[in-house]
Amino acid sequence: MAAKKKKTIRTIPQQRTAAREQEAAARVKNFAEVTFAYDAKAALVESERCLMCPDQPCVRGCPVGIDIPRFIDAIAQKNLRAAYDVIAETNLLPAVCGRVCPQETQCEGVCTVGDTLEPVAIGRLERYVGDNAIENGWVNNPYIEPNGMRVGIVGSGPAGMACAADLAKAGCEVTVFEAFHQPGGVLRYGIPDFRLPNAVIDAEIDNLRKIGVRFECNTLVGRLFTIAQMRDEMGFDAVFIGTGAGYPSMLGIPGDSLNGVLSANELLTRCNLMRAKDFPNVDTPMPLGRRVAVIGAGNTAMDAMRVCLRLGAEKVTCVYRRSRTEAPARVEEVHHAEEEGVEFHWLTAPVAVLDDGQGGVRGMRCVRMELGEPDSSGRRRPVPVPGSEFDFDCDQVVYAIGTNANPIIGQTAKLKLDKRGYIATDDDFATSMAGVYAGGDIVTGAATVIEAMGAGRRAARSIKAYLGLGATLPGASPQALFGIPPGERNYVRVRIA
Amino acid sequence: MSAAQLSDFEIVAREDLSPATFLLEVRHPMMAKAARAGQFVIVMSHAEGERIPLTIADFDRARGTVTLVIQAVGKTTREMQQSCTVGGTLYGLVGPMGVPSPIGQARKVVCVGGGLGVAPIFPQARGFKEAGAYVIAVLGFRSKDLVFWEDKFRACCDELILCTDDGSAGIKGLVTEGIRQAIEKHPDIDEVVAIGPPVMMKGCAEATRPHGIRTIVSLNPIMVDGTGMCGGCRVKIGDEVKFACVDGPDFDGHLVDFDDLMTRLRRYRSEEQAALERWSEQCRLMAAADQKEQPAPAQAKR
Ligand SMILES: Cc1cc2nc3c(=O)[nH]c(=O)nc-3n(C[C@H](O)[C@H](O)[C@H](O)COP(=O)(O)OP(=O)(O)OC[C@H]3O[C@@H](n4cnc5c(N)ncnc54)[C@H](O)[C@@H]3O)c2cc1C
Ligand code: SF4
Ligand code: FES
């Protein structure tokens, strides 16, 4: 790191560099990306704000431990390729993570600059680097020497993609099986275009194909063949399960099954994966509400609300039983939703969905809440305020209140599950079946892209050890090149593409 | 077993069973091997198509094919009736989905199929027969010229009661009349399995309820993914909510809330109607344009 003169909190640019955004009034009429990437000048200015702290709190804040000061320094040195190489050591999908990570609770949340000023915009810088890599076709493909091992991966979300990448780079023959007709998991079917354009996902999938990963879509593992068959009959030496959460929760209140009540997953899948927003030019119909109530305040809820606005809803209301500070969504998403005109009912819980007499929705009955004693999660438990029930009109209700474990793998494999039905693993991501590993939302319950990716990578490391592919070091090694620790066999043959 | 290329599934045979019902036999050796009675697939006929669930009507492990029987009712299925030809492909085909029907201890069963349920009840009837049960098939059609697979059923059933609305073949009446006759003749029926439109399955459940005969129905709600991820297929079973694609599609007919199912099936009726009209209009315009381009055929008598 060639820091010429010592930077201090007083000498750095005081304002966080703004990223250009589409105006709220215009963007609610389209599905184009809301936040524009930094340009070279903005990225340079923002990179100047990093103090290069010796104790690197941000690195510890990142679930995969990206060497953040080092990549920011490379941006400051105008060496984007080097910045990309630093990120690529640990993060497979910088263009994705830069966009969708909850940075405010991770790297940016512990950034030293943030103690006094607004923290360094690490996420935006990461996205800047990731987008440049895609644009310039940079990939760090090692020279791959096939080792004859075959690994099958179930599910093509971030967990599966990350696991596939590491194993392919180690020389395994990797096949990813996906139930949908297109790969990408939640990145594809859940997160809308205005937050994560399809082109970004396509580019990342293409990169995997380039290192030899095969994608087999239209494949429902468990039913078309079982995990045991993959191992015993199909010749896979190891299997990784990354099937994600699923099985959306319903509230269990009167009116749950009315037409017009649907899960955010259904709404988003129709809109994103099936492109029902273009109905009738595509065949999948889109449920259009004029006045929509969305229950929940996570990322899924924000995405559902903003999709409804873009589909032409006149009014979108968010109902959440806790307050704004407890909303699990990324801060930026809540902010964007507010700007776009979503009406928030904080501290409000649904009581019933009201029937229009024809099987449809006429409105919602809710009750006001207040915060009581802290619960097991440490958050103050909301309790209903007696006599505060009220009704409002709406014709569509979207549930975004979380998911339960997807049952298919559990139904069809003799795998140990935890008491909530998720796949039980040990610290090495090994399941109760020999050679079968699991990670991501199907192990932890709904979490984040970066955590799923981290799980996929750590599982890949365990699989390599299981297959006897070189000793692997615990923890992300600072010298690791392209995420491959130095001890591993093809390290010396790495060739920079 | 190795992973074959799992896209663009070839249609190897087609048969038109009636003016509105057609059969497609599609190559998918892995699925033919995995499929069990009672399971279904999700089909996407082309990249812009919708994902539609279809019950597996038959599978042939030796030929490596699965058979789907499709009733042309909406835009997607009518378009498939025109576009799906032998040698062509389906863009997407995933399955087998759902929990296979438990073909268990029943000694004497009635397999009921009506309308679009006739084909999918076939593997169940065959499965029960193979398991050693005495199988009575009750099949319902509107009239004689819509009847299909009579011989196929006769080959694997001990008795067959054919019902038509107008009495032009078999007995005159609904399948519920067939069930009544079967129960009358055989007081020792262990189980009734019914597949067909929701009203029919509801009628079957009501017909067996007083006799306390276990009645299994196969539900066909609107689906998107078929993997339990969207909840669009949720159905009310007793006081529980279940997802038909992963918890079913078979459920205890005496517990199913059929009225709820029928209401939910009408969810996209106006969109479906609009899509169908728009498509029919496009077909009409295309046909008109074709006619203009081609000189009037010489044989045309005008
Ligand atoms: C709408 C929405 C918005 C979100 N926004 C954010 C965000 O802004 N930031 C963030 O960090 N996180 C966000 N998340 C959470 C994040 O997307 C997930 O934590 C992450 O995608 C989990 O990755 P995964 O690989 O475990 O599973 P998934 O991404 O769920 O992928 C699993 C894949 O496996 C497939 N599959 C399932 N069963 C089978 C089977 N039997 N056979 C074959 N394939 C199967 C599925 O079709 C799916 O494609 C969001 C989630 C949603 C739903
Ligand atoms: S991956 Fe996420 S947590 Fe890590 S540096 Fe990037 S934005 Fe921060
Ligand atoms: S079809 Fe989506 S959960 Fe059943």
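Here, the structure is the one placed above.
Rules used in this analysis
Residues numbered from 1 in each chain as written. Chains lettered and ligands numbered in written order. Predicted model: local features only at pLDDT ≥ 70, side-chain atom pairs only at ≥ 80, totals over all residues. Heavy atoms only, no water. Axes fitted to C-alpha atoms, helices over the stretch in contact; angles between N-to-C directions. Helix = DSSP H or I, 4+ residues; strand = E, 2+ residues; numbered from the N terminus. Parallel < 35°, antiparallel > 145°, perpendicular 65-115°, else oblique. Left-handed = near helix turned anticlockwise from the far one by under 90°. Contact = heavy atoms within 4.5 Å. Nonpolar A, V, L, I, M, F, W, Y, C, P; charged D, E, K, R; others polar. Near = heavy atom within 4 Å. Buried < 20%, exposed > 50% of the residue type's maximum accessible area, 1.4 Å probe, protein only. Phe/Tyr/Trp six-rings, centres within 6.5 Å; stacked < 30°, edge-to-face > 60°. Lys NZ or Arg CZ within 6 Å of the ring centre and 35° of its normal. Buried area = accessible area lost by both parts, 1.4 Å probe. Salt bridge = Lys/Arg side-chain N within 4 Å of Asp/Glu carboxyl O. Polar contact = N/O pair within 3.5 Å; in protein donor to acceptor, adjacent residues only side chain to side chain. Pairing = 2+ DSSP bridges. Right-handed = clockwise from strand over helix to strand, strands pointing away. Disulfide = S-S within 2.5 Å.

Enquirer: How would you sum up the packing of helix H14 (residues 299–310) of chain A against helix H15 (residues 331–339) of chain A? Please name residues and give values.
Expert: All names here are of chain A. In the contact formed by H14 and H15, the axes pass within 10 Å of each other and the chain directions differ by 25 degrees. Between H14 and H15, the angle is such that the two are roughly parallel. The chirality of how H14 crosses H15 is left-handed. When H14 is examined against H15, the residues Asn-299, Met-302 and Arg-306 are found in contact with a partner set consisting of Glu-333, Val-334, His-336 and Ala-337. Within the contact of H14 with H15, the residues separate by chemical class into 3 nonpolar, 2 polar and 2 charged.

Enquirer: Provide a residue-level description of the site of ligand 2, including the pertinent values.
Expert: In the neighbourhood of ligand 2, the contacting residues comprise Cys-62, Pro-63, Ile-66, Ile-68, Asn-91, Cys-101, Gln-103, Gln-106, Cys-107, Ile-122, Glu-126 and Ile-450 of chain A. For the shell around ligand 2, a count of residues per class yields 8 nonpolar, 3 polar and 1 charged.

Enquirer: Can you tell me about the environment of Gly-445 of chain A, naming the residues and giving the values?
Expert: All names here are of chain A. Take Gly-445: it is sitting in the loop between helix H17 (441–444) and helix H18 (449–466). You can call Gly-445 buried: its relative accessible area is 3%. Setting aside anything within four residues of it in sequence, one finds Gly-445 in contact with Arg-420 and Tyr-422.

Enquirer: An account of the environment of Gly-167 of chain B is needed here, citing residue identities and associated values.
Expert: In this structure, Gly-167 of chain B sits in the loop between strand E10 (159–164) and strand E11 (171–172). For the pair formed by Gly-167 of chain B and Ser-143 of chain B, sequence separation is 24 residues and the distance between their alpha carbons is 7.1 Å.

Enquirer: How would you sum up the packing of aromatic side chains? Please name residues and give values.
Expert: On inspection of all chains with the given rule, the structure shows 14 aromatic pairs over all chains. Judged by centre distance (5.5 Å) and plane angle (75 degrees), the ring pair of Phe-141 of chain B and Phe-148 of chain B falls under edge-to-face. Neither residue differs from the other here; Phe-141 of chain B and Phe-148 of chain B are each classed as buried. What links up through ring pairs into an aromatic cluster is the set Phe-122, Phe-141, Phe-148, Trp-149 and Phe-153 of chain B. Here the basic side chain of Arg-310 of chain A rests over the ring of Phe-194 of chain A, its NZ or CZ set 3.9 Å away from the ring centre. Over the ring of Phe-59 of chain B we find Arg-126 of chain B; its NZ or CZ atom is 5.5 Å from the centre of that ring.

Enquirer: Lay out the interface of chain B and chain A in plain terms, naming residues and giving numbers.
Expert: Residue-level contacts link 57 residues of chain B with 50 residues of chain A. Taken over both partners, the interface formed by chain B and chain A buries close to 4,200 Å², and the fraction arising from carbon and sulfur atoms is 55%. For the pair chain B and chain A, the interface holds 3 salt bridges. The shortest N-O distance in the salt bridge between Arg-275 of chain A and Glu-48 of chain B comes to 3.6 Å. Run the count over chain B and chain A and you get 16 residue pairs in polar contact (both at pLDDT 80 or more). Secondary structure elements with two or more residues in the side of chain B that touches chain A: helix H1 (29–34), helix H2 (75–83), strand E7 (92–97), strand E14 (234–237), strand E15 (240–243), helix H7 (244–247), helix H8 (258–265) and helix H9 (269–293) of chain B. With 6 residues, the top contributor of residues to the side of chain B that touches chain A is E7 of chain B. Per-class residue counts for the side of chain B that touches chain A are 25 nonpolar, 15 polar and 17 charged.

Enquirer: Give a detailed account of the side chain of Asn-272 of chain A, specifying residues and quantitative values.
Expert: Residues and elements named next belong to chain A. Note that Asn-272 resides in helix H13 (residues 264–273). A distance of 3.2 Å separates a polar atom in the side chain of Asn-272 from the backbone oxygen of Tyr-189. Non-local contacts of Asn-272, meaning those with residues more than four positions away in its chain, are made with Arg-188, Tyr-189, Gly-190, Ile-191 and Pro-192.

Enquirer: Could you give an account of the pairing of strand E9 (residues 134–141) of chain B, naming the residues involved and the relevant values?
Expert: In the case of a regular strand, side chains alternate between the two sheet surfaces. Residue and element names in this part refer to chain B. Counting buried residues along E9, 7 of its 8 residues qualify, which places the element largely inside the surrounding structure. Of the pairings in the sheet, the one linking strand E8 (residues 108–114) to E9 comprises 7 bridges and is parallel in character. The residue of E9 that forms the bridge with Lys-108 is Tyr-134. For the crossover from E8 across helix H3 (residues 118–130) to E9, the handedness is right-handed. Judged from the 6 bridges that link them, E9 and E10 form a sheet pairing that is parallel. By the bridge assignment, Leu-139 is partnered in E10 with Leu-162. Note on the crossover from E9 through helix H4 (residues 150–156) to E10: the handedness is right-handed.

Enquirer: Describe the side chain of Arg-270 of chain A, and please don't skip the residues or the numbers.
Expert: Its place among the elements puts Arg-270 of chain A in helix H13. For Arg-270 of chain A, the side chain forms a polar contact with the main-chain oxygen of Pro-285 of chain A, separated by 2.9 Å. Among all residues touching Arg-270 of chain A, those that are not within four sequence positions of it are Arg-275, Ala-276, Thr-284, Pro-285, Met-286 and Pro-287 of chain A together with Ile-222, Val-224, Arg-267 and Tyr-268 of chain B.

Enquirer: Help me get a handle on the site of ligand 1, residues and values and all.
Expert: Residues and elements named next belong to chain A. Within the structure, ligand 1 sits among 35 residues, and Val-100, Ala-159, Glu-178, Arg-195 and Asp-441 are positioned closest to it. For ligand 1, a nitrogen atom lies 2.9 Å from a polar atom in the backbone of Val-221. At 3.1 Å from an oxygen atom of ligand 1 is found a main-chain nitrogen or oxygen belonging to Ala-447. Those elements that provide at least two residues to the shell around ligand 1 are helix H9 (158–169), H14 and H18. Per element, the largest residue contribution to the shell around ligand 1 is 3 residues, and it comes from H14.

Enquirer: Lay out the state of the cysteines in plain terms, naming residues and giving numbers.
Expert: What the rule picks out here adds up to 0 disulfides over all chains. The structure places no disulfide on Cys-163 of chain B, whose sulfur is separated from the nearest cysteine sulfur, that of Cys-204 of chain B, by 9.6 Å.

Enquirer: Provide a residue-level description of the pattern of salt bridges, including the pertinent values.
Expert: Residues and elements named next belong to chain A. Tallied over the full model, the rule gives 51 salt bridges over all chains. The partner of Arg-127 in a salt bridge is Glu-33, and the shortest N-O contact between them spans 3.4 Å. Residue Arg-127 is located in helix H8 (residues 122–136), and its partner Glu-33 is located in the loop between helix H1 (24–27) and helix H2 (40–47); the two are separated by 94 residues in the primary sequence. Among the residues examined, Arg-127 registers a relative accessible area of 9% and is labelled buried. We classify Glu-33 as buried; its relative accessible area is 17%.

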